[in-house]
Amino acid sequence: MDSRAELLTETVSHRLQPLDRPSAQKDSDMESDNGNEVVNDSESDVGSEIWPFPFLRSRNIQIHEPDEKDEFEDCDDNFLDPDYHPEEDSQESDSDCGNPRDNFESHKPKWTTSTEIHQPGVSSASSEAPKASKRLVRLTDKEARDSQFVRTTAGLAQADTLAYTLRPKPEKEEKTDCECDCNENFIVNNEKMLALIKDVHASGCKKPNMKMKVTRAGLCVYICVKCSYCGFNSQTLPMSDTIQTARGPPAGFLNYLVAMPVLKSKIGMDDVATVLTWLNIKAPCKQTFQKKFNDLGQAQTELSDKQLELNQDYVANVMKKAGFEPEVDIQFDVAYTCRPQGGCEKSTQSFGALVEHNTGQKLPLAIAMANKHCRKRYCRHDNCSKTFAAEASIASSERVLLHRSLDKVKDGPLAVRSITTDSGTQSAKAIRDYYELKKQTNHLKKQTATHYKCFVHKLRALERHVRAAKSDIKSIPKKYNKDEYMRKLASCLRCRVRIELERLRKQSCSDELFLQSAKFAIENIMHCFSGDHKMCKERSRVCTYRVTSSYKHLPYGEPLALQESDKKIILGNINKTFDATGLKEVAKLFNTNACESLNASVFHYAPKTSFYARNFAALCHSAVHTRSLGPSKSSMKVAEKVTGKKISLHSMIYNQLKAKDRRREYDSRRKASVLYKIVRFYLRKRHANRALYRDGLYASESMPSTSAADHSYGLKV
């Protein structure tokens with residue numbers, strides 16, 4: 001048998017073109033096509049029996065996407081008729097070439113699948129065609145794509161075709177009615193509505209039949225009422241306040257206010273649109289929303305820059321009234337949208353701020369941002385949102401932001417006395433390089449600044465080093481869990497060092513006396529924990545054993561029963577952080593908590609899960625301005641600057657913002673109370689001891705219980 005007579009697996013095309021030429025001409029065209037190999041009728045009986053149209057019979061027919069203009073889109077699914085004789089159709093098609101479209105409509109093909117065209121075990125030269133066993137089902141577009149994906153994932157040979165289905169019928173989307181809904185809600189001002197009612201009432205119509213015409217301008221609507229009985233036509237009146245602009249019609253006041261939550265909270269434009277949607281209010285279009293948000297961001301940036309200068313003047317005035325020179329201790333820290341890691345750097349934006357230590361408000365004095373993005377297609381980046389080179393590493397932005405922030409302070413009324421940073425290595429070098437560079441200009445009020453490291457970061461490093469030494473400690477009692485024992489011991493050492501240094505700092509007037517006393521106090525800690533209190537009276541400001549005779553602060557309420565070699569290992573880990581050099585770096589016990597809090601506020605307004613290419617700087621300024629004035633006052637100042645309208649003291653906006661301020665002040669006072677701190681301490685302690693209580697109280701040998709970890713009913717404070 002000739003090899004060309006073997007018919008390969010053939011598939012039904014997912015797109016059949018309409019007939020516009022005779023079938024014989026179509027057949028000749030297909031034979032001359034370079035992409036497909038055509039099997040002649042004389043060489044294969046199977047093709048002529050199963051597929052009555054020679055011009056549609058080809059191998060490796062590719063899948064095409066469904067087309068709405070397809071002439072054969074709505075053809076019916078049929079059973080294969082056993083009485084159907086394709087030879088008759090072929091004779092009729094050869095004899096009747098006058099109107100091939102009518103000929104095709106009179107003899108619609110009985111659609112088959114590829115599995116019905118070629119089945120394993122059936123000879124190609126067989127005179128009988130395979131019979132259909134089930135009715136064909138047309139898949140939806142979604143089902144067809146998923147079926148093709150499953151076949152591709154399975155690694156089938158013909159993964160680009162569906163062997164048992166026709167092409168999917170395209171799903172037509174329903175067109176939404178763009179006209180105004182009668183049940184739609186509008187935001188209406190009371191005074192504007194009263195003016196419209198008065199205008200309509202003045203018509204004096206006896207049989208009023210009013211119709212309303214609504215013109216939209218974002219959230220603002222203009223309403224015109226017309227009476228079909230008397231022909232009265234009212235004025236087109238705005239239903240909310242408007243703002244006179246430099247050009248064009250007056251702008252809506254609501255269109256600016258609706259963008260204010262995006263600037264002053266962590267919600268985005270889509271969230272505001274969702275809220276309006278469920279209130280049955282049509283939200284402004286994205287272009288209008290973005291334009292108003294850009295205007296608010298520009299106003300916020302200008303107000304924040306001015307407020308930072310006022311903060312510097314305020315701190316300088318306070319220092320003078322207190323009898324000191326206008327020198328300030330500042331702290332600096334940098335936050336990234338994604339923390340830089342070795343070998344991978346996803347972050348493209350960073351924020352840095354200088355915050356003063358001297359007043360209780362911890363006011364920000366200067367800020368700087370690094371942004372690698374610009375929304376403009378053709379831009380020279382002279383004055384745009386891009387403030388950092390795209391090819392530079394974002395990890396190096398800490399040095400750049402520190403220099404930019406110090407430049408904003410050096411020309412003001414304050415001189416920088418000291419700078420506190422985290423335990424990073426590049427901060428110290430950046431400070432030295434900055435002052436060495438500025439010495440040549442002689443524009444600095446103080447030629448150098450002392451560099452301190454954050455006390456809290458040092459304590460964290462101490463706890464981390466002690467916990468890492470658990471593999472070197474050999475004399476821990478076997479009745480205790482080693483991991484839990486070292487965790488508790490590290491926590492106790494951190495707390496003891498903190499309290500010792502804080503009390504010594506309050507009692508010591510000079511740094512030399514503090515450093516000397518702190519060295520002796522740290523060396524005495526391990527003796528005190530082991531039960532040796534001979535030197536506690538002279539060197540410790542914390543130990544109260546001679547009064548209370550209690551070890552409840554130690555792990556499991558007992559003194560340390562460790563060997564001398566293990567005690568030296570623990571003391572060595574303490575000296576890694578608080579040796580003579582480490583104590584000098586934290587001599588003032590300054591920390592960067594205010595910067596950390598400000599960083600959290602920044603990424604509360606600009607969440608790391610969202611991307612702000614143009615308005616990242618505006619959101620950073622929003623957080624800084626809010627920290628300086630409070631959320632309510634800051635929001636009102638921005639709204640007044642953009643709209644030019646003074647917010648009334650009796651308005652609903654003012655009352656709601658003041659109520660929010662009162663709640664915030666109450667929460668702040670409650671968290672600063674001693675009772676709240678005690679409850680918080682015991683809650684944290686209970687959480688830390690869950691691993692210990694898991695095997696006690698509610699647990700049994702046969703069935704350990706997790707109720708202690710979930711509820712801890714027996715551990716009420």
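Quick caveat, the model's predicted, so the values are computed rather than measured.

*Asks:* Please explain the overall build of the protein chain as it appears in this structure.
*Replies:* When you go through the protein chain residue by residue, the secondary structure sums to 28 helices and 10 strands. Taken over 717 residues, the protein chain has a buried fraction of 41%. Summarising the internal contacts of the protein chain: among those between residues at least 6 apart in sequence, 70% fall at separations of at least 24. As presented, the protein chain carries roughly 42,400 Å² of accessible surface, and 50% of it is formed by carbon and sulfur atoms.

*Asks:* What's the story with the pairing of strand β9 (residues 415-421) in this structure? I'm lost.
*Replies:* Regular strands have side chains that alternate between both faces of the sheet. For β9, the tally of buried residues reaches 6 of 7 residues, placing the bulk of the element in the interior. Relative to strand β10 (residues 450-453), β9 is paired through 4 bridges, and the arrangement is parallel. If you follow serine 418 over to β10, its bridge partner there is threonine 450.

*Asks:* Explain the sheet that holds strand β2 (residues 220-227) here, please?
*Replies:* Backbone-to-backbone hydrogen bonds join strands into a sheet, with any given pair of strands oriented parallel or antiparallel. Taken together, 3 strands build an open sheet; the order of strands is β1-β2-β3 and the sheet is antiparallel. Each having just a single partner strand, β1 (210-217) and β3 (237-238) make up the two edges of the open sheet. The pairing of β2 with β3 spans 2 bridges and is antiparallel. For tyrosine 222, the partnering residue across the bridge sits in β3 and is proline 238.

*Asks:* Even after reading the chapter, I still don't get the environment of glycine 557, so can you show me in this structure?
*Replies:* Relative to the elements of secondary structure, glycine 557 occurs in the loop between α19 (545-548) and α20 (564-577). Glycine 557 gets classed as partly exposed once you look at its relative accessible area, which sits at 39%. If we ignore the near neighbours within four places in the chain, the residues touching glycine 557 are Tyr551 and Lys552.

*Asks:* Is there a simple way to explain helix α6 (residues 141-154) in this structure?
*Replies:* The end-to-end C-alpha distance of α6 is 20 Å, a good match for the 20 Å that 14 residues give at a rise of 1.5 Å each. Regarding α6, the residues found buried are Asp141, Ala144, Ser147 and Arg151. Buried residues of α6 fall within an arc of 130° about the axis and therefore sit on the same side. Along α6, the residues that are exposed and aim more than 90 degrees away from the buried face are Lys142, Phe149, Val150 and Thr153. Directly beyond the C-terminal end of α6, a positive phi value near 75° is found at glycine 155.

*Asks:* Can you walk me through the packing of helix α11 (residues 286-321) against helix α24 (residues 631-643) in this structure?
*Replies:* Two measures define how a pair of helices packs: the angle their axes make with one another and the distance between the axes. As a packed pair, α11 and α24 sit with axes 9 Å apart at the nearest point and diverge in direction by 115°. Viewed along their axes, α11 and α24 form a crossing whose handedness is right-handed. Contacts between α11 and α24 involve Asp295, Leu296, Ala299, Gln300, Glu302 and Leu303 from the former and Ser634, Lys637, Val638, Lys641 and Val642 from the latter. In terms of residue class, the contact of α11 with α24 is made up of 5 nonpolar, 2 polar and 4 charged.

*Asks:* Looking at this model, I keep getting lost on the packing of aromatic side chains. Mind explaining?
*Replies:* Centre distance and the angle of the planes are the two values used to describe a pair of aromatic rings. Enumeration according to the criterion identifies 8 aromatic pairs in this entry. Ring geometry for tyrosine 452 versus phenylalanine 590: centroids 6.1 Å apart, planes at 80°, classification edge-to-face. In this pair, tyrosine 452 sits in strand β10 while phenylalanine 590 sits in the loop between α21 (580-585) and α22 (593-605), placing the two residues 138 residues apart along the sequence. Classification of phenylalanine 590 by relative accessible area gives buried; the value is 17%.

*Asks:* Help me out: how do you make sense of unusual backbone geometry in this one?
*Replies:* Negative phi characterises most residues that are not glycine, and trans characterises most peptide bonds. For lysine 362, which is not glycine, the phi dihedral falls at a positive 55°. In this fold, lysine 362 is placed in the loop between β7 (349-356) and β8 (364-371). Positive phi is not limited to glycine here, since tyrosine 556 has a value of about 60°. Mapping tyrosine 556 onto the fold places it in the loop between α19 and α20. Classification of tyrosine 556 by relative accessible area gives partly exposed; the value is 30%.

*Asks:* Mind showing me how you'd approach a nonpolar patch on the surface here?
*Replies:* Taken together, the side chains of Val674, Ile678, Phe681 and Tyr682 define a hydrophobic patch exposed on the protein surface, amounting to about 400 Å² of accessible area. Inspection of the secondary structure puts tyrosine 682 in helix α26 (residues 674-688).

*Asks:* Looking at this structure, how should I read the packing of helix α14 (residues 455-468) against α20?
*Replies:* It is the contact of α14 with α20, at a shortest axis distance of 9 Å, that shows an interaxial angle of 155°. As far as their axial angle goes, α20 and α14 are roughly antiparallel. α20 is crossed by α14, and the crossing has right-handed handedness. Taking contact as the criterion, the partners of Lys458, Ala461, Leu462, His465 and Val466 in α14 are, on α20, Asn573, Ile574, Lys576 and Thr577.

*Asks:* Would you take a moment to explain a positive patch on the surface for this structure?
*Replies:* A surface patch of like charges, here positive, comprises Lys306, Lys633, Lys637, Lys658 and Arg662. Counting residues per element, the ones that place at least two in the positive patch are α24 and α25 (652-672). By secondary structure assignment, the location of lysine 637 is in helix α24. Classification of lysine 637 by relative accessible area gives partly exposed; the value is 36%.

*Asks:* I would appreciate a short explanation of the confidence of the model for the protein chain in the present structure.
*Replies:* The predicted structure's coordinates, where accompanied by low pLDDT, should not be read in detail. For the protein chain, per-residue confidence averages 77 on the pLDDT scale, and 71% of positions sit at 70 or higher. Confidence drops under a pLDDT of 50 for residues 1-98, and excluding neighbours within four residues, the segment shows 162 contacts in the predicted structure. Segment residues 103-134: pLDDT under 50, and 71 contacts once partners within four positions in sequence are set aside and those in other chains are kept.

*Asks:* What should I look at first to understand the nonpolar core in this one?
*Replies:* A general feature of soluble globular proteins is that nonpolar side chains tend to end up buried together. Residues Leu263, Phe289, Phe293, Phe351 and Ile367 are the most contacted members of the largest nonpolar core, which totals 41 residues. Elements with a contribution of two residues or more to this core: α9 (260-264), α10 (269-278), α11, β7, β8, α22, α23 (616-629) and α24. The element that contributes the greatest number of residues to this core is α22, accounting for 6 residues. With 33 residues, the next largest nonpolar core counts Ile476, Leu554, Leu560 and Leu583 among its residues.

*Asks:* Is there a simple way to explain the environment of glutamine 349 in this structure?
*Replies:* Locating glutamine 349 in the fold gives a position in strand β7. A distance of 3.2 Å separates polar atoms of two side chains, one belonging to glutamine 349 and the other to asparagine 371.

*Asks:* Please explain the pattern of salt bridges as it appears in this structure.
*Replies:* Side chains carrying opposite charge are able to pair once their charged atoms draw close together. Here the structure, examined in full by the defined rule, presents 21 salt bridges. Linking arginine 399 and aspartate 433 is a salt bridge whose minimum nitrogen-to-oxygen distance equals 2.9 Å. In this pair, arginine 399 sits in helix α12 (residues 397-410) while aspartate 433 sits in helix α13 (residues 426-438), placing the two residues 34 residues apart along the sequence. Owing to a relative accessible area of 30%, arginine 399 belongs among the partly exposed residues under this scheme. The partner of glutamate 640 in a salt bridge is lysine 646, and the shortest N-O contact between them spans 4.0 Å. Connected via shared salt-bridge partners are Arg399, Lys429 and Asp433.

Criteria and thresholds
- Residues numbered from 1 in each chain as written.
- Predicted model: local features only at pLDDT ≥ 70, side-chain atom pairs only at ≥ 80, totals over all residues.
- Heavy atoms only, no water.
- Helix = DSSP H or I, 4+ residues; strand = E, 2+ residues; numbered from the N terminus.
- Buried < 20%, exposed > 50% of the residue type's maximum accessible area, 1.4 Å probe, protein only.
- Contact = heavy atoms within 4.5 Å.
- Areas by Shrake-Rupley, 256 points an atom, 1.4 Å probe, with all protein chains shown as cover.
- Pairing = 2+ DSSP bridges.
- Expected span 1.5 Å × (residues − 1).
- Arc of directions from axis to C-beta.
- Axes fitted to C-alpha atoms, helices over the stretch in contact; angles between N-to-C directions.
- Left-handed = near helix turned anticlockwise from the far one by under 90°.
- Nonpolar A, V, L, I, M, F, W, Y, C, P; charged D, E, K, R; others polar.
- Phe/Tyr/Trp six-rings, centres within 6.5 Å; stacked < 30°, edge-to-face > 60°.
- Patch = residues over 30% accessible without salt bridge, like charges linked within 9 Å, V, L, I, M, F, W, Y side chains within 5 Å.
- Salt bridge = Lys/Arg side-chain N within 4 Å of Asp/Glu carboxyl O.
- Parallel < 35°, antiparallel > 145°, perpendicular 65-115°, else oblique.
- Lys, Arg positive; Asp, Glu negative; His and termini not counted.
- Charge placed at Lys NZ, Arg CZ, Asp CG, Glu CD.
- pLDDT = per-residue confidence, 0-100.
- Core = buried A, V, L, I, M, F, W, Y, C linked by side-chain atoms within 4.5 Å.
- Polar contact = N/O pair within 3.5 Å; in protein donor to acceptor, adjacent residues only side chain to side chain.

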